[in-house]
Amino acid sequence: MKAAKEHIIPGDLNKVLENKVMETVLDLYHVKVSVLETTCSGDADSEGIVSKSVSSHSDLIPGVYEGGLKIWECTFDLMDYFSEAEIQFTNKTVLDLGCGAGLLGIVALKGKAERVHFQDYNSTVIEEITLPNVVANCVNEGTSGKDRKASKPPAKRPKKAEGSPDVLTKCRFFSGEWSQVSQLLLGSNKPFSKYDIILTSETIYNPDNYSALHDTLAQLLDRNGRVYLGSKVHYFGVGGGIYLFQKFIEERNVFRTTIIKTIDQGLQRCIMEMAFK
């Protein structure tokens with residue numbers, strides 16, 4: 001059981017971007033993982049997940065590394081859906097669960113969410129990928145904005161953390177296993193209100209985790225809240241998938257589920273909405 005930890009945002013945001021090379025996708029910055037793989041070692045990767053992932057050629061080492069170095073397809077499916085369906089994040093409290101690069105939470109921040117929390121299993125992912133991505137996209141508005149208007153692509157490396165860091169006062173960052181993060185939030189002395197929206201992408205590949213995920217959603221979602229979950233229909237080799245998870249949820253009889261979009265290109269994928277019954 002991986003203990004939960006809250007990651008403190010450094011006072012000097014330039015240190016967050018130090019030695020980070022950024023790429024862009026859909027007008028958002030994200031840390032270039034191939035560079036991170038050659039530069040991240042020692043204290044920066046106390047869990048050793050970068051070297052273990054590289055040496056084992058694996059995107060998943062159960063109980064050690066849960067895939068947060070990679071941006072998975074369903075992240076983009078969810079981002080497309082938010083745009084198509086005009087999902088409103090204004091003044092909402094949002095959790096990006098199993099956040100990895102944090103792009104879903106960043107979209108919510110840019111959509112004027114009141115509060116966005118990011119959670120990933122691995123602390124290295126939060127510190128070396130998620131937090132730098134949030135700083136590059138949300139504090140560096142000046143830099144990325146100018147680059148976007150120009151015909152040339154955005155700079156590979158945001159020069160400095162420019163602009164207002166106020167957006168970071170809306171953010172908290174957590175690592176650890178889901179049930180442990182729930183306990184940390186619910187048992188904290190800090191004021192905590194449940195989330196209006198929980199976003200999660202490709203977190204249901206392993207049926208062994210369904211109970212922990214279900215209970216976390218039930219504990220942290222506001223009574224009138226919504227979960228938006230992106231998943232492949234089936235995860236070959238690990239056994240999970242959207243319909244298996246939907247059946248599990250229905251048997252628990254806490255949430256109602258609706259498949260709100262199906263994507264047929266490549267491996268079939270779905271977006272599911274969940275709400276309390």
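See above for the structure.
Description of the structure in this document. Since we're looking at a predicted model, the values are computed, not measured.

Analysis parameters
Every residue gets a number counted from 1 within its own chain, in the order that chain's sequence is written. At least 70 in pLDDT is required for a residue's local features to be given in this predicted model, at least 80 for side-chain atom pairs to be given and counted, and no such filter applies to totals for whole chains, interfaces and linings, which use all residues. No hydrogens and no water enter the side-chain calculation; it runs on all heavy atoms of the structure. Under the DSSP-based scheme used, a helix requires at least four consecutive residues in state H or I and a strand at least two consecutive residues in state E, with every element numbered from the N terminus. When accessible area is computed with a 1.4 Å probe and restricted to protein chains, residues below 20% of their type maximum are described as buried, those above 50% as exposed, and intermediate ones as partly exposed. Put simply, buried Ala, Val, Leu, Ile, Met, Phe, Trp, Tyr and Cys residues joined by side-chain atoms within 4.5 Å make one nonpolar core. We call two residues contacting when some pair of their heavy atoms lies within 4.5 Å. Pairing between strands is defined by DSSP: at least two bridges between them are needed. Axes here refer to lines fitted to C-alpha atoms; in helices the fit is confined to the stretch in contact. Angles between the N-to-C directions go from 0 to 180 degrees. What sets the label is the angle itself: under 35 degrees gives roughly parallel, over 145 gives roughly antiparallel, 65 to 115 gives roughly perpendicular, and the rest give oblique. Crossing handedness follows the turn of the near helix against the far one: under a right angle anticlockwise gives a left-handed crossing, and clockwise gives a right-handed one. When residues are grouped by polarity, Ala, Val, Leu, Ile, Met, Phe, Trp, Tyr, Cys and Pro land in nonpolar, Asp, Glu, Lys and Arg in charged, and all others, Gly among them, in polar.

### Comments concerning the environment of Lys 70
So, step 1. Relative to the helices and strands, Lys 70 is located in the loop between helix 3 (49-56) and helix 4 (73-84).
So, step 2. Residue Lys 70 is classed as partly exposed on the basis of its relative accessible area, which comes to 36%.
So, step 3. Along the sequence, Lys 70 and Val 125 sit 55 residues apart, while their C-alpha atoms lie 9.8 Å from each other.

### Side note on the nonpolar core
So, step 1. Counting 47 residues, the largest nonpolar core has Phe 82 and Phe 89 as the members making the most contacts within it.
So, step 2. No other element matches the 9 residues that helix 6 (residues 123-139) contributes to this core.
So, step 3. When neighbours within four sequence positions are excluded, Phe 89 is seen to be in contact with Phe 82, Val 94, Val 107, Ala 108, Gly 111, Lys 112, Ala 113, Glu 114, Ile 197 and Leu 199.
So, step 4. In terms of nonpolar packing, the next biggest core, distinct from the first, is built from 26 residues, Leu 95, Val 181, Leu 185 and Ile 204 among them.

### Here's the deal with the sheet that holds strand 7 (residues 195-201)
So, step 1. One open sheet accounts for 8 strands, arranged 1-6-5-4-7-8-10-9; its pairing is mixed. With one partner strand each, in any of the chains shown, strand 1 (5-7) and strand 9 (255-263) form the two edges of the open sheet. Across this sheet, the average inter-strand angle for adjacent strands is 20°, counted without regard to direction.
So, step 2. Two elements, strand 7 and strand 8 (residues 221-232), share 6 bridges in a ladder whose sense is parallel. Directly across from Thr 200, in strand 8, lies its bridge partner Leu 229.
So, step 3. Each of strand 7, strand 8, strand 9 and strand 10 (269-276) touches helix 4; the most contacted strand, strand 8, lies at about 125° to it.
So, step 4. Sheet strands in contact with helix 8 (residues 178-186) are strand 1, strand 4 (93-97), strand 5 (115-120), strand 6 (171-175) and strand 7, and its direction is about 135° off that of strand 6.

### Structural notes on the packing of helix 8 against helix 9 (residues 210-220)
So, step 1. Where helix 8 contacts helix 9, the two axes come as close as 9 Å, and the packing angle between them is 20°. Between helix 8 and helix 9, the angle is such that the two are roughly parallel. In this structure, helix 8 meets helix 9 at a crossing whose hand is left-handed. Seen from helix 8, the contacting residues are Trp 178, Ser 179, Ser 182, Leu 185 and Leu 186; seen from helix 9, they are Ala 212, Leu 213, Thr 216, Gln 219 and Leu 220.
So, step 2. Here the residues of the contact of helix 8 with helix 9 sort into 6 nonpolar, 4 polar and no charged.

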